[in-house]
Amino acid sequence: MRARNFSDTLNIVAISVMLCAVVRLAVADVGGGMGYPATPWRIEGPESVLDLEKAKALAATYQTLSVPAKLVDEEREGDLLELQRVGLVPTPFREGDIPIHELVGKSSSGETVALSFSQIESFTVISKNEKTITMSVTVWPEISPEELLQKQPTYKQLYADYRRNVVVDLSLKYADGRPQVFTGEWGETILPLDKLPVGVKCGFYEEHPHMVHPLRFWWAIPSVTNDENYPFRLIPKMR
Amino acid sequence: MDNEQIRKEISARLEIERQVREQLCNIEDQSAATKKSHWAWLDSKMALLVIGAVISGVLVPTFQFTQEKINWHRQNRYDSLGRQLGSIRESLKQFIAVQGLSAELYNLGLEIIDTSSAALLQARQEDRHEAFRALRTQRVQQNATFAATVFFFPTRSREPIREAWNNLLLPAQKLETIVGNLLRESAQGSDDKVPRKPTANEIAVQLDVSLAEVNQAYERVLTMLRQQLQEVEHESTKFQ
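**Details of the overall build of chain B**
Phase 1 of the analysis: A count of helices and strands for chain B gives six helices and zero strands.
Phase 2 of the analysis: For 240 residues, the compact-globule estimate of 2.2 N^0.38 gives 18 Å, and chain B exceeds it by more than 25% at 46 Å.
Phase 3 of the analysis: With the C-alpha coordinates of chain B rotated into their principal frame, the extents come out at 160 × 50 × 20 Å.
Phase 4 of the analysis: Within chain B, buried positions represent 31% of all 240 residues.

Next up, the structure:
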């Protein structure tokens, strides 16, 4: 096909752009569904701070921790191991033990710090010795339910502004001497804290944004999810 | 000692030396004759004929048979792995079809949630019930079709696959129940007898949560199936 004049060229370019857009839409929707935002506030936002507090407490139990798979299986170099509904438990696990969904340790000034999994983006191991492991934890979103409800930030604002780093020393063992381990929903894989090497980075947002659990995002109120930059969408997984 | 005596001694010694040399020669000749006699038969035409017959009649066919046997085993294993690969790929296809039905159920649920007009909801009520019944039947059939194909996987992997598959059935059933409830409620309208009806947001989140759980359980099974497929593919390349 040859363009005879300028308007023909424009038409060809416009049709090509439209075809590309159609293909992109088709690929994005290949699993079916319309890609609704993954959020506990799907139809309406929280009515009170209490609603947000409840959602935040629940969200801590639904987080997914991604760690390098080679830490538990040396043959899986380059893969990520995802621990869904991650918790910290003592091993061996006994009747009555409850998974903890926060990192509890001491800050450099000696204060006790408790960082909920619902507000952690990632952590990096800085150092460790026989008794403790020191982590640099990136806290995100560092915003209280009151502030979230009051400021109604967009996803872009929340992502850019509400982040801080905290250095925390965690004990490798529980008071009764049993080692602390990360474990996931299915419990088949455990990752002892002392197996984390210095320099390793573990993230809470490494999952595919279409494979996430909606109850994780307590902070995804309508002002956040209405932002087109909000990446976490629900689409039936197909491939 | 006079000269005569010396000469006699010298000649006696020379005589002894000559005798020793003669004896040595005799011994060497005898041993050469003995050696020759051991292998002499090889020089005969009969021996050559027999050796030729053994090589061409026994050794070569045995070697060829062994070679054929190895090739035959190799080909058999390759064919059997090829058939297994085909079956595993078919199983993967059936498994993806299972997820296709869950996706359709989710879309049906979304359609009910997203229809804000009660009149519109009522108008398509019968069609939705029909679609739901069809999906439910198809899901049961598709589940059975996939479950039957787990036998095609290597023995050691069957149990973990079955376990992960059972873990998928639970959230998939939950998704079906939620969509069924949505359909029933949309048909009945508001029911005052229910002490606390879930809000529209709670219903939508329940639907999303069940999809997320189906997705995560599906991913686990799919990863296992893919891993097994890769292992069998890798094994089959060894026999090419």
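Text resumes after the structure shown.
**What to know about the interface of chain B and chain A**
Phase 1 of the analysis: Taken together, the 27 residues of chain B in the interface contact 27 residues of chain A.
Phase 2 of the analysis: On the chain B side of the interface with chain A, the three residues burying the most area are N201, Q216 and R220 of chain B, jointly 25% of the side's total.
Phase 3 of the analysis: Where chain B touches chain A, the interface holds one salt bridge.
Phase 4 of the analysis: The interface formed by chain B and chain A holds nine residue pairs in polar contact (both at pLDDT 80 or more) in total.
Phase 5 of the analysis: Contributions of two or more residues to the side of chain B that touches chain A are made by α2 (45–114) and α6 (200–237) of chain B.

**Focus: the sheet that holds strand β10 (residues 180–183) of chain A**
Residues and elements named next belong to chain A.
Phase 1 of the analysis: Strand order in the open sheet formed by three strands is β4-β10-β11, and the pairing between neighbours is antiparallel. Edge positions in the sheet fall to β4 (87–90) and β11 (190–192), since each of these pairs with one other strand and no more. Each adjacent strand pair in this sheet contributes to an overall mean axis angle of 35°, direction not counted.
Phase 2 of the analysis: Of the pairings in the sheet, the one linking β10 to β11 comprises three bridges and is antiparallel in character. Bridge pairing links V181 to P192 in β11.

**Describing helix α2 (residues 49–59) of chain A**
Residue and element names in this part refer to chain A.
Phase 1 of the analysis: Taken as a whole, α2 has its buried residues at L52, A55, K56 and A59. Projected onto a plane normal to the axis of α2, the buried residues spread over an arc of 100° and lie on a single side. What points out from α2, more than 90 degrees from its buried face, is the exposed set L50, K54 and A57.
Phase 2 of the analysis: Those residues of α2 that are buried are in contact with α3 (145–151).

**Structural notes on the confidence of the model for chain B**
Phase 1 of the analysis: Averaged over all residues, the pLDDT of chain B equals 88, while 94% of them reach at least 70.
Phase 2 of the analysis: As a predicted assembly, this complex carries a pTM of 0.74 together with an ipTM value of 0.77.

**Considering the side chain of T134 of chain A**
Phase 1 of the analysis: Take T134 of chain A: it is sitting in strand β8 (residues 132–139).
Phase 2 of the analysis: Residue T134 of chain A is classed as buried on the basis of its relative accessible area of 12%.

**A look at the packing of aromatic side chains**
Residue and element names in this part refer to chain A.
Phase 1 of the analysis: Scanning the model with the defined rule gives 22 aromatic pairs over all chains in all.
Phase 2 of the analysis: Ring geometry for Y205 and F232: centres 6.0 Å apart, planes at 45°, overall tilted. Highlighted residues: Y205 in the loop between β12 (201–203) and α5 (222–225) and F232 in the loop between α5 and β13 (233–234), separated in sequence by 27 residues.
Phase 3 of the analysis: The exposure class of Y205 is buried, given its relative accessible area of 16%.

**Thoughts on the confidence of the model for chain A**
Phase 1 of the analysis: Taken over all residues, the pLDDT of chain A has a mean of 87, while the share at 70 or more is 85%.
Phase 2 of the analysis: Here residues 20–33 of chain A is modelled with pLDDT under 50, and outside its nearest four sequence neighbours on either side it reaches 14 contacts, counting other chains as well.

**Digging into the packing of helix α5 (residues 155–188) of chain B against α6 of chain B**
Residues and elements named next belong to chain B.
Phase 1 of the analysis: Contact pair α5 / α6: the axes reach a minimum separation of 9 Å and the direction vectors enclose 155°. Put simply, α5 runs roughly antiparallel to α6. Pair α5 / α6 crosses with left-handed handedness.

**A look at the pairing of β4 of chain A**
Residues and elements named next belong to chain A.
Phase 1 of the analysis: Of the two faces of β4, both are covered, the one formed by G87 and V89 as well as the one formed by L88 and P90.
Phase 2 of the analysis: One ladder, built from four bridges, connects β4 with β10; its direction is antiparallel. In the strand pairing of β10, G87 is matched with T183.

Criteria and cut-off values
Residues numbered from 1 in each chain as written. Chains lettered and ligands numbered in written order. Predicted model: local features only at pLDDT ≥ 70, side-chain atom pairs only at ≥ 80, totals over all residues. Heavy atoms only, no water. Helix = DSSP H or I, 4+ residues; strand = E, 2+ residues; numbered from the N terminus. Rg over C-alpha atoms; globule rule 2.2 N^0.38 Å. Buried < 20%, exposed > 50% of the residue type's maximum accessible area, 1.4 Å probe, protein only. Contact = heavy atoms within 4.5 Å. Buried area = accessible area lost by both parts, 1.4 Å probe. Salt bridge = Lys/Arg side-chain N within 4 Å of Asp/Glu carboxyl O. Polar contact = N/O pair within 3.5 Å; in protein donor to acceptor, adjacent residues only side chain to side chain. Pairing = 2+ DSSP bridges. Axes fitted to C-alpha atoms, helices over the stretch in contact; angles between N-to-C directions. Arc of directions from axis to C-beta. pLDDT = per-residue confidence, 0-100. Phe/Tyr/Trp six-rings, centres within 6.5 Å; stacked < 30°, edge-to-face > 60°. Parallel < 35°, antiparallel > 145°, perpendicular 65-115°, else oblique. Left-handed = near helix turned anticlockwise from the far one by under 90°.

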